[in-house]
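Results of the structural survey
The residues making up each chain are set out below.
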Amino acid sequence: MARSRKVTVSTDAEGHTAGWAETDLAPVSAPDPTAAAFFDVDNTMMQGASIYWFARGLASRNYVTTADLARFAWQQLRFRLLAREHAGDMSLAKEAALAFVAGWRVNDVEHLAEEIFDELMAPRIWAGTHQLAQRHLDAGQRVWLVSAAPVEIGRVIAARLGLTGAIGTVAEVVDGAYTGRLVGDLMHGPAKAEAVTQLAAVEGLDLTRCAAYSDSANDLPLLSAVGRAVAVNPDGTLLRQARQHGWEVRDFRTGRRAVKIAVPSTAAAGLVAGAVTAGLALQRRRRAG
């Protein structure tokens, strides 16, 4: 059965908003309707941050400059450190997260995301993680990506990987174009667990039969919300938690420690940095025009 490409938005009683975007794909085996798997993206499904690679693709197409991209990576790191120490700084992320796409057509962003995935993201997909996702599909279960990236970009990645769909940050759209504002909060931390719980209610999933995969301790609420938690390429805090709880650990990195892409894994940081740098670049382009 084909699945709709429509983005569905749902808000719970506390005002948290989740965007669910399905692909045109469905499990090839006999359906297992009450079980599903949820995969974080950055450093779980792929090396590095998806929003960073999206920005890299924009830079190669002259939407942003090389200097903007360098500032992008630095500001990601700075925001990641601040976010650890000052949780309230997430409000800054929410205010700035999607300012850089204000005025862009949704279809244009999806087309760029498809091109950039094939060019920059596909070679960085962890084959081992993709195989784990495929096992769920082969068992007739649905597989969703859960990312702080805009849900439309998440859907493109899911479609390219043959997955069911994506849960992501919702950008406000008016007349087919982004306004630069968010609807609800960033899909980050506890918001992921809340979104998965909402989706389970809508889709009739039994969370005790579901699995979740992540590299980051930021996703402990998500991992704790399902019956089977798997730490993939875990950071130190998540590895300790996984050992304490008896969770499965999968590490597809080479060497004693992960060979990190030269950008942090926190997608929220990428959203903020991308907003600042790409927004400045677009403003310069508009003035130059």
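Residues numbered from 1 in each chain as written. Predicted model: local features only at pLDDT ≥ 70, side-chain atom pairs only at ≥ 80, totals over all residues. Heavy atoms only, no water.

As recorded in an unreviewed UniProt entry, the protein goes by the name HAD-IB family hydrolase, listed as coming from Micromonospora inaquosa. UniProt annotates the protein under Sequence similarities (unreviewed entry) with the comment "Belongs to the HAD-like hydrolase superfamily. SerB family." (UniProt positions renumbered as here; feature names shortened; annotations may be inferred.)

**Things to note about the side chain of Thr-129**
Examined against the element boundaries, Thr-129 turns out to sit in helix α5 (residues 127–138). In terms of polar contacts, Thr-129 uses its side chain to reach the backbone carbonyl oxygen of Thr-44, at 2.8 Å. Among all residues touching Thr-129, those that are not within four sequence positions of it are Phe-39, Thr-44, Met-45, Val-232 and Phe-252. (Helix = DSSP H or I, 4+ residues; strand = E, 2+ residues; numbered from the N terminus. Polar contact = N/O pair within 3.5 Å; in protein donor to acceptor, adjacent residues only side chain to side chain. Contact = heavy atoms within 4.5 Å.)

**Re the packing of helix α4 (residues 106–121) against helix α6 (residues 151–161)**
Between two packed helices, what matters for the description is the angle formed by their axes and the separation of those axes. At their nearest, the axes of α4 and α6 sit 9 Å apart, and the two run at 45° to each other. Between α4 and α6, the angle falls in the class oblique. When the axes of α4 and α6 are compared, the crossing they make is right-handed. For the pair α4 and α6, the contacting residues are Val-106, Val-109, Glu-110, Ala-113, Glu-114, Phe-117, Asp-118 and Met-121 in the first and Glu-152, Ile-153, Arg-155, Val-156, Ile-157, Arg-160 and Leu-161 in the second. Counted by class, the contact of α4 with α6 contains nine nonpolar, no polar and six charged residues. (Axes fitted to C-alpha atoms, helices over the stretch in contact; angles between N-to-C directions. Parallel < 35°, antiparallel > 145°, perpendicular 65-115°, else oblique. Left-handed = near helix turned anticlockwise from the far one by under 90°. Nonpolar A, V, L, I, M, F, W, Y, C, P; charged D, E, K, R; others polar.)

**Here we look at the environment of Thr-208**
Along the polypeptide, Thr-208 turns up in the loop between α7 (190–203) and β8 (211–214). Considering only alpha carbons, one finds Thr-208 and Gly-227, 19 residues apart in sequence, at a separation of 4.0 Å.

**Description of helix α1 (residues 50–60)**
Most of α1 is tucked away: nine of the eleven residues are buried. The set of residues buried in α1 consists of Ser-50, Ile-51, Tyr-52, Trp-53, Phe-54, Ala-55, Gly-57, Leu-58 and Ala-59. One or two steps after α1, the chain reaches Asn-62, where phi turns positive at roughly 70°. (Buried < 20%, exposed > 50% of the residue type's maximum accessible area, 1.4 Å probe, protein only.)

**A word on the pattern of salt bridges**
Scanning the model with the defined rule gives twelve salt bridges in all. Close ionic contact of Glu-119 with Arg-61 constitutes a salt bridge, the shortest N to O distance being 2.9 Å. Residue Glu-119 is found in helix α4, and its partner Arg-61 is found in the loop between α1 and α2 (66–85); the two are separated by 58 residues along the sequence. Take Glu-119: its relative accessible area is 38%, and that puts it in the partly exposed class. In this structure Arg-61 comes out as partly exposed when scored by relative accessible area, which is 25%. Across the pair Arg-160 and Asp-118 runs a salt bridge, and its minimum N-O distance is 2.9 Å. Here Arg-160 is found in helix α6, whereas its partner Asp-118 is found in helix α4, with 42 residues between them in sequence. Taken together, the shared-partner salt bridges connect Asp-40, Lys-192 and Asp-219 into one network. (Salt bridge = Lys/Arg side-chain N within 4 Å of Asp/Glu carboxyl O.)

**Side note on the pairing of β8**
Side-chain alternation along β8 places Ala-211 and Tyr-213 on one buried face and Ala-212 and Ser-214 on a second face that is also buried. Relative to β8, strand β3 (residues 36–40) runs parallel, the two sharing three bridges. Looking at β8, one finds that Phe-38 is bridged to Ala-212. (Pairing = 2+ DSSP bridges.)

**Let's talk about unusual backbone geometry**
Backbone geometry at Asn-43 places phi at a positive 65°, although glycine is not the residue there. By the element assignment, Asn-43 lies in the loop between β3 and α1. Backbone geometry places Asp-175, a non-glycine residue, at a positive phi of 55°. Examined against the element boundaries, Asp-175 turns out to sit in the loop between β6 (171–174) and β7 (177–182).

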